[in-house]
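Chain by chain, the residues:
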Amino acid sequence: MNEVSICVIGSGYVGLVAAVCFAEIGHRVICVDNDEAKVNLLRNGGVPIYERHLPELLKKHSGKGVEFTTDLGGAVRECEAVFIAVGTPQGDSGAADLSFVEAVVSEIAREISGYKVIVEKSTVPVYTNEWIRRVLNRLGVPTARFDVASNPEFLREGSAVEDFLHPDRIVVGAGTDRAAEVLRRIYAPLSEGTYYSRPDALPGMCSADKPAKLLVTSAQSAEIIKHASNAFLALKISFINAVSNLAESVEADIEDIAAGIGMDRRIGPRFLHAGLGYGGSCFPKDVAAFHWVAHQQGLNFQLLEEVRRINDAQREVFFNKVRSALWTLRGKKLAALGLAFKCDTDDIRESPALAVIRQLLDAGAQVQAYDPAAMERAKGVLPPSDKMSYAANPYEAAENADAVLILTEWGEFARLDLPRLNRLLKFPIVIDGRNLYRPQTMAEHGFTYVSMGRPANYEAQLGKPRKTL
Ligand code: UDX
């Protein structure tokens with residue numbers, strides 16, 4: 001296996017995972033960040049993000065296959081391939097803000113001595129590849145001395161390491177054979193399967209005889225594959241949410257409907273979970289960016305406007321359920337289970353859970369929240385106050401509350417001790433924004449159970465003897 005020297009610029013959710021995974025498959029990696037504190041934390045064995053397997057891989061490779069530095073110039077000079085994995089946040093118009101990408105490209109330009117492949121790892125609009133080439137040329141770098149390639153990531157937070165090492169596909173957008181050859185070499189351990197034969201390989205879906213698929217295409221096609229993939233996944237979620245609202249109006253059950261739809265192999269069961277809708281740093285941003293890209297080309301991608309509208313409306317749908325179940329909200333004490341935008345992550349960016357909690361606080365309710373991983377980040381945006389408190393576990397949050405709200409699909413919230421929960425609550429009311437329970441189970445435990453896209457069962461409260469208030 002020929003080792004490639006790789007520079008990864010940016011040590012966030014994408015860059016850090018890419019850096020340690022490139023080292024895991026046998027390359028020599030220099031991971032660059034301009035945040036000195038973060039670089040020092042990483043050098044001292046710290047793990048700045050909550051990702052399964054990341055601590056183990058950092059321990060295994062930090063200081064060996066991957067080193068951390070703030071010295072971008074030195075890293076670029078030493079490496080054959082330079083991956084740009086800096087943030088591309090959403091700008092006001094919906095367009096991706098590429099100022100961090102451009103700043104990094106300008107720094108790279110000063111350091112290019114021998115041939116380099118500059119690789120877009122960040123999610124960027126189509127033709128960014130062309131822009132990077134233009135900027136490097138303007139800064140005096142001869143065209144023969146570099147190529148710009150696109151290598152979009154398809155990492156889900158919470159399973160990013162597995163998604164990298166056991167990908168559904170690796171997409172490479174390269175304008176020249178020379179650039180394509182470098183990226184083929186980089187991904188050979190996965191696309192040829194040699195990585196999976198190693199005794200220390202991370203187990204997963206791929207194997208030596210079923211290695212990762214590698215798709216080599218043009219840069220523009222690779223850039224669109226990324227945006228279109230995320231937009232389609234977001235579309236699937238908004239579609240099932242729109243169907244769930246219809247299902248509820250005719251007392252159907254969205255979970256059965258989703259199961260019935262998903263049995264069609266052309267549709268598949270995944271990403272058909274109705275609920276509070278999507279959040280995170282990707283779907284909202286990528287749907288807006290893809291819409292903007294189309295608009296720039298004179299096309300009106302109206303479908304994406306509807307995807308976003310339906311998603312935003314789901315928070316309102318849930319809020320109205322809380323109000324219908326509790327009548328007045330002012331002064332009510334609500335247990336909020338979940339703060340992260342999804343399970344298995346500490347990330348609260350664009351979190352539907354936080355959006356709902358803010359609405360409830362504005363309506364005068366008191367919220368006591370619990371999340372297995374995201375509480376510290378949440379306190380940064382919703383500091384503890386007389387109205388907003390944080391509990392050590394779901395049961396402390398539920399103590400003497402008027403209702404429990406399930407806002408994030410953490411596994412532990414689907415396995416609560418229901419009799420204990422019932423005893424702790426002032427009223428046995430559960431409003432489930434992620435459909436973690438079966439209505440029948442909740443009725444048997446004496447709960448009023450309200451969920452998404454399914455009939456509510458208010459009569460359960462009358463069915464069981466209640467403790468004296
Ligand atoms: C997503 C894409 O899955 C990934 O391929 C891409 O690289 C980055 O964006 P991520 O945002 O980390 O990954 O999480 P994902 O698991 O896709 O969930 C996104 C959001 O959709 C979460 O808020 C989740 O709660 C929600 N969701 C997901 C649903 O509401 N219903 C579903 O069926 C699935």
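Starting from 1, residues in each chain are numbered consecutively following that chain's sequence as written. Given that the model is predicted, a residue must reach a pLDDT of at least 70 before its local features are reported, and side-chain atom pairs must reach 80 or more before they are shown or counted; all residues, however, enter totals for whole chains, interfaces and linings. Values reported for side chains reflect all heavy atoms of the structure, with hydrogen atoms and water molecules removed beforehand.

Peer 1: I'd like a rundown of the environment of Lys38, residues and numbers included.
Peer 2: With respect to the element layout, Lys38 can be found in helix 2 (residues 36-43). Note on Lys38: relative accessible area 23%, which makes it partly exposed. Any two residues whose heavy atoms approach within 4.5 Å at even a single point are treated as in contact. For Lys38, the contacting residues outside a window of four places in its chain are Ser11, Gly12, Asp33 and Pro48. Each helix corresponds to a stretch of at least 4 residues labelled H or I by DSSP, and each strand to a stretch of at least 2 residues labelled E; elements are numbered beginning at the N terminus. Categorising residues by exposure relies on relative accessible area from a 1.4 Å probe, with only protein chains included: less than 20% of the type maximum marks a residue as buried, more than 50% marks it as exposed, and the intermediate range marks it as partly exposed.

Peer 1: An account of the pattern of salt bridges is needed here, citing residue identities and associated values.
Peer 2: Any Lys or Arg side-chain nitrogen found within 4 Å of a carboxyl oxygen on Asp or Glu counts as a salt bridge. Scanning the model with the defined rule gives 23 salt bridges in all. Two residues, Glu376 and Lys379, come together in a salt bridge whose shortest N-O distance is 3.3 Å. Separated by three residues within a single helix, Glu376 and Lys379 lie in helix 15 (residues 375-381), roughly one turn from each other. Exposure remark for Lys379: the relative accessible area of 29% places this residue in the partly exposed category. Connected via shared salt-bridge partners are Glu24, Lys60, Arg198 and Asp200.

Peer 1: So what's going on with unusual backbone geometry? Residues and values would help.
Peer 2: Residues other than glycine predominantly adopt negative phi, and peptide bonds predominantly adopt the trans conformation. Even without glycine at this site, His53 takes up a positive phi of about 75 degrees. With respect to the helices and strands, His53 occurs in the loop between helix 2 and helix 3 (54-61). The residue Phe271 is not glycine, and still its phi comes out positive at about 60 degrees. Mapped onto the secondary structure, Phe271 falls in the loop between helix 11 (254-262) and helix 12 (283-296).

Peer 1: Talk me through the site of the ligand; I want residue IDs and the actual numbers.
Peer 2: A single heavy atom is enough: if one lies within 4 Å of a molecule or strand, its residue is considered near that molecule or strand. Taken together, 20 residues surround the ligand, and among them Leu155, Glu157, Phe341, Lys342 and Glu409 come closest. Within the backbone of Phe154, one N or O atom sits 3.4 Å away from an oxygen atom of the ligand. The definition of a polar contact used here is a pair of N or O atoms within 3.5 Å, where within protein one atom must be able to donate a hydrogen and the other to accept one, and adjacent residues in sequence count solely through side-chain atom pairs. With respect to the ligand, the backbone of His273 contributes an N or O atom lying 3.0 Å from an oxygen atom. Every accessible area reported is derived by Shrake-Rupley at a probe size of 1.4 Å, with residue values counting cover from the shown protein chains alone. Computed on the free molecule, the ligand has an accessible area of 660 Å², of which 94% lies beneath the protein chains in the complex. Tallying contributions element by element places helix 10 (residues 219-249) first for the shell around the ligand, with three residues. A class-by-class count of the residues in the shell around the ligand yields nine nonpolar, four polar and seven charged. Classification used: nonpolar for Ala, Val, Leu, Ile, Met, Phe, Trp, Tyr, Cys and Pro, charged for Asp, Glu, Lys and Arg, polar for all others including Gly.

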